[in-house]
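# Examination of the molecular architecture
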Amino acid sequence: MTSFLTDLFSNFWVSLAGKLLIVALMIPLVGMVIGFAEMKLSAKMQARVGPYFAGGRWGWAQLIADGVKFFQKEDLIPAEADRPVFKLAPVLVLVSTVALLVVIPFGPDLIFRDLSVGVFFALAISSLSTIGILMAGWSSANKYSLMGGLRAAGQLIAYELPLVLAVVGAVILAETMSMAGIVEAQVSAGYPFVIFQFVGFAVFMIAALAELTRIPFDMPIAESELVMGYLTEYSGFRFLFFFLAEFANMFTLSAIAVTLFLGGWWLPGIPDDVLAYAGPLILVAKTFLLVFIMIWFRWTFPRFREDQLQSLAWKVLVPLALANIAITAVFKVVLG
Amino acid sequence: MVLDQDLVRHLSETSVSVELETEDMTLNIGPQHPSTHGVLRLVARVDGERAFDVQPVIGYMHRGYEKLAEVRSYPQITTLVNRIDWVSGYANEVPFIVAAEKLLEIEVPERAQYIRLILTEMARISSHLVFMASYPLELGAPTPLFFALRERERVLDLLEGVTGGRFHPNFNRIGGVKPAYGSGSSTRKVIQDLPAGFLAETRDAMDKVTVAVDEINSLVAGNEIILARTKGVGVLPPEVAASYGVSGPNLRASGVGFDLRKVEDYLPYHLFDFEVPVGENGDCWDRWHVRLLEIRQSVRIIQQAIDGIPSGPLQAKVPKVIKVPKGETYVRAENPKGEMGYYLVSNGAQGPYRLKIRSASFSNISILPWILEGVLIPDIIAIMGSLDFVLGDVDR
Amino acid sequence: MTSSPSETETTVHPLQEFADAVAGAVGGEAKIAFDTVKVRVAPEQWVSALTTARDELGLVFFSFLSAVDWSAEVEVGDPPGDEVEERFELLAAVGDLGAGRRVIFTTDLAKDSPVIPSVVDVFPGANWHEREAHEMFGIEFVGHPNLANLYLPDSFMGNPLRKSYPLLSREVKPWPGNVDVEPMPGGDEETTEGPSEENPEA
């Protein structure tokens, strides 16, 4: 039986189909789990209970119920909207999230595709969502959405730079751009890169929060000012795409941070054969730790104003990241 | 009232670059909007993120109270009047009833005055807690909302226990406050006083409110993002505030230590020891901070009042059909939102001949065109929220 | 709260000195009633009186500006008991920010042509109050930058707070006027008004 399965999956097309299926299922699943975690955690922080009725006392089926609800809603497109662009925007945002999953190493040999330029690919694909957001803001034919879209364009482009610069330090330490290779470098070095790259890690996390347009960087959505910013006119399953994409993106960006800085699927002291099975669990646990911190920030801080946000990116994060690169490079050359 | 010149905000210095001709956009904020505290509409001309001409349009909630007051009797108007500023319901009734009592020249018993004072201060705490809840929400921090509203529930439960209503107490009567009746015909003539345990529960609730206010303060005061969003934003110089009629915590945040509770005699505030918090710069942060300190002072007043409340009748002797003799008077009170006054013209009938309601929020937001000149859009929300107005108070 | 002492010729009201100072400075006549100081000036002195109050008397806080419609015949409510002079009485309340003393300046405007200069240049806060008085009473404020309707829609006709403006609900059921308390439906009269130990009749 096992040999039959191994032969089956050694066929390229079968394994491709299998990988696509897993990725397609992972995104909604991860999205729902993180969404539910956010609801419950925020409730605890606010002296509430959170979802309570759907699925028994825990309310675990809340997001499943929400998903079904969104699907059966009427597909409303504003009369003046640009229809093809309006329909394409959520798809683009979701696609950029899904594509990120491809290069994340879940275990010693568990990676959908180990690209030799994995880091480069990940960052490039994640910036596709910027176009999707701009498309959403423009095509909605609504002044509030337009303002939200413009704010998003400014913010996301500004924070791309610290995001990219922050990972360069880890790449220098690992001497490779392949994601699996970076984890291997941390394994062989015996320590996670965050010990020396804490500045890079902090800059990456802040820039990731900004890329996700989560509070404190949620000017583009800014519920209390722009109703929902670029999302105002989206309802039904299109809104569900954006919604899922946000939570799934939290997962993927945190997973990238874990891979680059926190040692990925590796924990010191665990033998290799156990890691083959425990690897994904370790990665997911570390990722959820970072996701928890993101959720915690969201419910504690208010939002930055647009100009404060921009000055944070350009005047603080970019110089920090550049200094980090310089110092890392010097140390790498000197200490080998 | 020396003003730091660096903080006086000048008119917008928007400069449009020569190569890039941009058009300005007219943006309607409201009347249905999460942050306008009701149905306020701001017609803003914006250039990018900067607004340079903001005109408020009000009247969506105009209910014609001044005209209605001419066809109602005094007890009926009490019902109308506590719907003006519905967040601090009880505080609206007091100056109106005091005006009628002034024209009747009757003396309100001490116990009734103490009860009125306690309930007014509780209304003040309730109103300021709503501000503590909604202002960080507008800035983007959703969590203080829950802490503040949870504490407000305690105060509202107390108000409901005494007056029967959380928002619209309708508790004042000409000559005092309304004593409770027993139910059923055999006890109809028995006049009851405050509910049993009210004073002890109030003491307990005040302690809990103090703890909660400290919690909210620690969540907000040290938060760099909130400070960056509110410090130096929306500076209101005291001379401008006075000439526009801005009153209450907004005026005190600009450095003017003027509190009607210290100078007017509508309630016996002179018997109690409390401070009047004053801000320094007149920006949004000061308006927040002054209201937070005012909650603490209100707690202090309530505790002193509970300790010293005298016994006695709850209402002076008044005729069954009350006709207020001819006269005119203006009574003003320190409401949570600012100065609320009633100019009462009476001609000896059962209702007033003319009742002019001077509401605090009406004057407070008349300053919006001045203060929102050349301001970024997120700051519009921050400044509007810090003025703490309610549309019922604006439109009457 | 202390009840106001009845005004007799021998006791001087504590506000008398202040009222006389104000009246002297602006050239009007002062009246004190029920703890309220009213200073009456002629319409020509309106702007200069408020300017003097702001600059010389320290009354920098602008409280409100409104009007009272004195008419003998009214569409709503009870008519004034005594003889009244048919006029609009324009009120402007200002106060100081120290001891909290306040004055209500009044002037009389003719009913058929209520025109008066605007005080927006003296107190910018009067802007909205004058708009409200304009739409509610029909008073014309000369020099006001934007005398548009404040509360009412632009197409609204009439001035609601004038005594000649009827209330629709009162067309359906007329005002009962100066009568005793209406009985509660199905109950007796004793449970309607404010209770006291003994109930002296009106």
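Placed above this text is the structure.
Right, let's walk through the structure included here. (Residues numbered from 1 in each chain as written. Chains lettered and ligands numbered in written order. Predicted model: local features only at pLDDT ≥ 70, side-chain atom pairs only at ≥ 80, totals over all residues. Heavy atoms only, no water.)

## Re the overall build of chain A
Along the backbone of chain A there are 13 helices and zero strands. Helices (α) and strands (β) of chain A occur, in sequence order from the N terminus, as α-α-α-α-α-α-α-α-α-α-α-α-α. Along the three orthogonal principal directions, the C-alpha set of chain A runs to about 60 × 55 × 45 Å. For chain A, the residues scored as buried account for 52% of the 336 residues in total. Taking the intrachain contacts of chain A between residues at least 6 apart in sequence as the baseline, contacts between residues at least 24 apart amount to 77%. Carbon together with sulfur atoms contributes 74% to the accessible area of chain A, which is approximately 15100 Å² in total. Averaging the coordinates of the 20 positive side-chain charges in chain A and doing the same for the 22 negative ones gives two points 8 Å apart. (Helix = DSSP H or I, 4+ residues; strand = E, 2+ residues; numbered from the N terminus. Buried < 20%, exposed > 50% of the residue type's maximum accessible area, 1.4 Å probe, protein only. Contact = heavy atoms within 4.5 Å. Areas by Shrake-Rupley, 256 points an atom, 1.4 Å probe, with all protein chains shown as cover. Lys, Arg positive; Asp, Glu negative; His and termini not counted. Charge placed at Lys NZ, Arg CZ, Asp CG, Glu CD.)

## Quick notes on the pattern of salt bridges
Going through the model one piece at a time under the given rule, you end up with 48 salt bridges over all chains. Taking the shortest distance from any N to any O, the salt bridge between Asp307 of chain B and Arg203 of chain B comes out at 2.5 Å. Of this pair, Asp307 of chain B sits in helix α11 (residues 284–308) while Arg203 of chain B sits in helix α6 (residues 198–221), placing them 104 residues apart in sequence. Arg101 of chain C is the salt-bridge partner of Asp96 of chain C, the closest N and O atoms lying 3.6 Å from each other. Look at Arg101 of chain C and you get partly exposed, because its relative accessible area is 36%. Sharing partners across several salt bridges, the network here consists of Glu121, Arg124, Arg252, Asp259, Arg261, Glu294 and Glu334 of chain B. (Salt bridge = Lys/Arg side-chain N within 4 Å of Asp/Glu carboxyl O.)

## Section: the interface of chain B and chain A
Between chain B and chain A, the contact holds 32 residues from the first and 25 residues from the second. At the boundary of chain B with chain A, total buried surface from both sides reaches about 2400 Å², with 62% on carbon and sulfur atoms. Taken as a group, Phe146, Ile225 and Arg229 of chain B account for 21% of the area that chain B buries against chain A, more than any other trio of residues on that side. Between chain B and chain A we count one salt bridge in total. Residue Arg305 of chain A pairs with Asp379 of chain B through a salt bridge whose shortest N-O separation is 2.9 Å. Connecting chain B to chain A are five residue pairs in polar contact (both at pLDDT 80 or more). (Buried area = accessible area lost by both parts, 1.4 Å probe. Polar contact = N/O pair within 3.5 Å; in protein donor to acceptor, adjacent residues only side chain to side chain.)

## Remarks on unusual backbone geometry
All names here are of chain C. Although it is not a glycine, Phe34 adopts a positive phi angle of roughly 50 degrees. Along the chain, Phe34 falls in the loop between β1 (29–33) and β2 (36–40). Unlike most non-glycine residues, Asp35 shows phi in positive territory, near 65 degrees. Secondary-structure assignment places Asp35 in the loop between β1 and β2.

## Let's talk about the pairing of strand β5 (residues 102–109) of chain C
Residues and elements named next belong to chain C. Of all the eight residues making up β5, eight are buried; the element is thus mostly covered by neighbouring parts of the structure. The side-chain alternation of β5 yields two buried faces, one formed by Arg102, Ile104, Thr106 and Asp108 and the other by Val103, Phe105, Thr107 and Leu109. Looking at chain direction, β2 and β5 are connected through three bridges and run parallel. Considered in β5, the bridge of Val39 is made with Phe105. Between strand β4 (residues 87–95) and the antiparallel strand that follows it, β5, lie six residues; Gly100 among them carries a positive phi value of about 75 degrees. (Pairing = 2+ DSSP bridges.)

## A word on the nonpolar core
Of all hydrophobic cores here, the largest spans 160 residues; its most connected members are Met122 of chain B together with Trp46 and Phe105 of chain C. With near-sequence residues (within four places) excluded, Phe105 of chain C lies in contact with Val22, Val26, Val39, Trp46, Ala49, Leu50, Ala53, Leu90, Leu91, Ala92 and Val94 of chain C. Leu231, Leu253, Val258 and Ile295 of chain A belong to the second largest nonpolar core, which has 86 residues in total. (Core = buried A, V, L, I, M, F, W, Y, C linked by side-chain atoms within 4.5 Å.)

## So, the packing of aromatic side chains
Applying the stated criterion across every chain, the model contains 34 aromatic pairs over all chains. Aromatic side chains Phe243 of chain A and Phe247 of chain A sit 5.1 Å apart centroid to centroid with 80 degrees between the ring planes, which places their arrangement in the edge-to-face category. A residue pair is termed a helical-turn pair when its members lie 3 or 4 positions apart in one helix, as Phe243 of chain A and Phe247 of chain A do in helix α11 (residues 236–261) at four residues. Judged by its relative accessible area of 25%, Phe243 of chain A falls in the partly exposed class. Through a chain of ring-to-ring contacts, three or more aromatic side chains come together here, namely Phe70, Phe239, Phe243 and Phe247 of chain A. Arg48 of chain A extends its terminal NZ or CZ atom over the ring of Phe146 of chain B, reaching a point 4.9 Å from the ring centre. Geometry around Phe88 of chain C places Lys111 of chain C over its ring, the cationic atom sitting 5.8 Å from the centre. (Phe/Tyr/Trp six-rings, centres within 6.5 Å; stacked < 30°, edge-to-face > 60°. Lys NZ or Arg CZ within 6 Å of the ring centre and 35° of its normal.)

## Observations concerning the sheet that holds strand β3 (residues 50–57) of chain B
Residues and elements named next belong to chain B. A sheet is described by the order of its strands in space; here four strands give the open sequence β1-β2-β3-β11, paired in antiparallel fashion. What marks the edges here is a single partner per strand, and that holds for β1 (25–29) and β11 (375–376). One ladder, built from seven bridges, connects strand β2 (residues 41–47) with β3; its direction is antiparallel. Pairing of Arg45 across the sheet is with Asp53, part of β3.

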